Amino acid sequence: MNDSVKITEDERPRARDIGIHIGVFSPGKYNAITDVKGVLVGHCTLIQGHGPLTPGKGPIRTGVTAILPHDGNMFKQKVPAASFVFNGFGKSIGLHQVNELGNLETPILLTNTLNAPIVADALIEWMMKENPEIGIDTCTVNPVVGEINDGFLNDIQGRHVKKEHVFEALTTAQSGQIKEGAVGAGTGSSCMGWKSGIGTSSRVLPQDLGGFTVGVLVLTNFDGLLTVNGAPVGKKLGHIPFKDPGGSVMVITATDAPLYQRHLLRVAKRAVLGLARTGFYGSNGSGDFFIAFSTATTIPHEPTDVTLQGVAMTNDALSSLFLATVETTEEAVINSILKAETTVGRDGNISEAVDIQKLVRILRDYSIE
């Protein structure tokens, strides 16, 4: 590994840009959750004001991120899904029904803690515009919203993410390469003592293991001792933030493997192991929520038969998918930190970007490549 890496604040690297190759499976074309065919991601980033906090007015360092399993009508064409709660200190919305019915019928939105109800309200309105029969000629809709506490940098009481910001994230969602770091819901987050935000990664299984793709998107805001591909970066740099209050992380796993709720719950749980590899330990005040969905099939809102037919991976075949999920989650977390720029928030609070040169030197010392 070369310990001299030219980095600017405008072009911070991803893990593989500086020689960090995590795991054994290969990434997809974009090394992102959008490598799973059909998946779209959109952000709306809100940055406004400087100086002392005026509750309800600013400064603002927050946003919203949207993950769409496909570009069709999700209420009418749901996808198999499951959720898992590792530590329930959080205010996520809609996860009970996901596990009860085994499907997802809206995009997944991520934002800050106190904004979650407003974002859910906007998502309901978005879905009713697409489906005017909701609550009248058919059942109601289950919005799914995850959150983290960005109050260290952001005027969180202001609940500045409004309907128009949610709609912007949904309408601008795209496939291909997506923005990472301090964008969207990650604008005001910090992780293990450094600025963080949105991170993503993917893995493609070899054909003899099914050839399926797994993609993960994380929103990181948790405590721990940063470990990068086995190297004790946090310890070496003196960042040991165990006294920080709260935390939280949202992990969204997508795959094109044919899986149903029971399988997807098992996949969602494995993402915890990927977090642990980075230094995550699940602090008391950390809300740690995991959602997994499959794009291999859709479930009609109004089925024409009393049975659903389809195929699913065998239990034995899931092991490779589990490992891909662990690797992808680990790399997504590292990307969320590497790509994030130093951010000054309310009251002059600063969340520093990790020093890339120092990190690379530590990795070199530990012969990490």
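One can find the structure itself at the top, above this paragraph.
Because the structure is a prediction, the values reported are computed rather than measured.

Thoughts on the overall build of the chain
Looking only at helices and strands, one finds seven helices and 15 strands in the chain. Computed over its C-alpha atoms, the radius of gyration of the chain comes to 20 Å, within 12% of the 21 Å expected for a compact globule of 369 residues. With the principal axes as the frame, the chain shows a C-alpha extent of 60 × 55 × 35 Å. Counting the 369 residues in the chain, one finds 58% classified as buried.

Considerations on the packing of aromatic side chains
For the structure shown, the criterion picks out four aromatic pairs. Ring geometry for F84 versus F290: centroids 6.0 Å apart, planes at 40 degrees, classification tilted. Of the two residues, F84 sits in strand β3 (residues 77–88) while F290 sits in strand β12 (residues 287–294), which places them 206 residues apart along the sequence. Here the two residues F84 and F290 agree in accessibility, since each one is buried.

Re the pairing of strand β11 (residues 249–255)
Where burial is concerned, most of β11 is hidden: seven out of the seven residues are buried. Going residue by residue along β11, you find V249, V251, T253 and T255 tucked away on one face and M250, I252 and A254 tucked away on the opposite face as well. With seven bridges joining them, strand β10 (residues 213–220) and β11 adopt antiparallel strand pairing. What sits directly across from G215, in β11, is A254. Pairing of β11 with β12 involves seven bridges; the strand directions are parallel.

Some points on helix α7 (residues 356–365)
In an α-helix there are 3.6 residues to a turn, and that puts residues three or four apart on one side. Of the residues making up α7, those classed as buried are I356, L359, V360, I362 and L363. Seen end-on, α7 carries its buried residues on one side only, within an arc spanning 160 degrees. At its buried positions, α7 is contacted by α4 (233–236) and α6 (318–338). For α7, the N-terminal capping position is held by D355, with its side-chain oxygen 3.0 Å away from the main-chain nitrogen of Q357. After α7 finishes, the residue S367 shows a positive phi value of roughly 55 degrees.

A look at the sheet that holds strand β1 (residues 40–48)
Here we have four strands laid out as an open sheet, ordered β1-β2-β5-β6, and mixed in their pairing. If you trace the sheet from one side to the other, it starts and ends with β1 and β6 (144–148), each paired once. Strand after strand, the sheet turns through a mean of 15 degrees between neighbouring axes, direction not considered. In this sheet, strand β2 (residues 60–68) lies alongside β1 in antiparallel orientation, the contact comprising nine bridges. Opposite H43, over in β2, you have T65 as the bridge partner. Strand contacts of helix α3 (residues 163–171): β1, β2 and β5 (108–112), with the helix running at about 145 degrees to β1, the strand carrying the most contacts.

Observations regarding the pattern of salt bridges
Tallying each qualifying case throughout the model produces ten salt bridges. Put simply, E105 and K78 hold a salt bridge, and the shortest N to O gap is 2.8 Å. Of this pair, E105 sits in the loop between β4 (103–104) and β5 while K78 sits in strand β3, and the two are 27 residues apart along the sequence. Classification of E105 by relative accessible area gives buried; the value is 4%. Measuring nitrogen to oxygen at the nearest pair gives 2.7 Å for the salt bridge that ties R203 to E331. Linking R203 in strand β9 (residues 198–204) with E331 in helix α6, this pair joins segments that are 128 residues apart in sequence. One network of salt bridges, in which partners are shared, links R16, R203, E327 and E331.

Remarks on the packing of helix α5 (residues 261–278) against α6
Between α5 and α6, the least distance of the axes is 7 Å, while the angle of their chain directions is 40 degrees. It follows from the interaxial angle that α5 and α6 lie oblique. Here α5 runs over α6; the crossing is right-handed. Contacts between α5 and α6 involve H263, R266, V267, R270, A271, L273, G274, L275, R277 and T278 from the former and L318, L321, F322, L323, T325, V326, E327, T329, E330, V333 and I334 from the latter. The residue inventory of the contact of α5 with α6, partitioned by class, reads eleven nonpolar, five polar and five charged.

So, the packing of helix α2 (residues 116–130) against α3
Where α2 meets α3, the axes come as close as 9 Å, and the angle between the chain directions of the two elements is 60 degrees. When the axis of α2 is compared with that of α3, the two are oblique. You can see that α2 and α3 cross each other, and the crossing is right-handed. For the pair formed by α2 and α3, the contact residues are V119, A122, L123, E125, W126 and K129 on the first element and K163, V166, F167, L170 and T171 on the second. Looking at side-chain class alone, the contact of α2 with α3 contains seven nonpolar, one polar and three charged residues.

Looking at α2
Taking 1.5 Å of rise per residue, 15 residues should cover 21 Å, and α2 covers 21 Å from first to last C-alpha, within 8% of that figure. Buried-residue contacts for α2 involve β2, β5, β6 and α3.

Cut-offs used in this document
- Residues numbered from 1 in each chain as written.
- Predicted model: local features only at pLDDT ≥ 70, side-chain atom pairs only at ≥ 80, totals over all residues.
- Heavy atoms only, no water.
- Helix = DSSP H or I, 4+ residues; strand = E, 2+ residues; numbered from the N terminus.
- Rg over C-alpha atoms; globule rule 2.2 N^0.38 Å.
- Buried < 20%, exposed > 50% of the residue type's maximum accessible area, 1.4 Å probe, protein only.
- Phe/Tyr/Trp six-rings, centres within 6.5 Å; stacked < 30°, edge-to-face > 60°.
- Pairing = 2+ DSSP bridges.
- Arc of directions from axis to C-beta.
- Contact = heavy atoms within 4.5 Å.
- Polar contact = N/O pair within 3.5 Å; in protein donor to acceptor, adjacent residues only side chain to side chain.
- Axes fitted to C-alpha atoms, helices over the stretch in contact; angles between N-to-C directions.
- Salt bridge = Lys/Arg side-chain N within 4 Å of Asp/Glu carboxyl O.
- Parallel < 35°, antiparallel > 145°, perpendicular 65-115°, else oblique.
- Left-handed = near helix turned anticlockwise from the far one by under 90°.
- Nonpolar A, V, L, I, M, F, W, Y, C, P; charged D, E, K, R; others polar.
- Expected span 1.5 Å × (residues − 1).

Everything listed here is a matter of geometry and, on its own, says nothing about what the molecule does.
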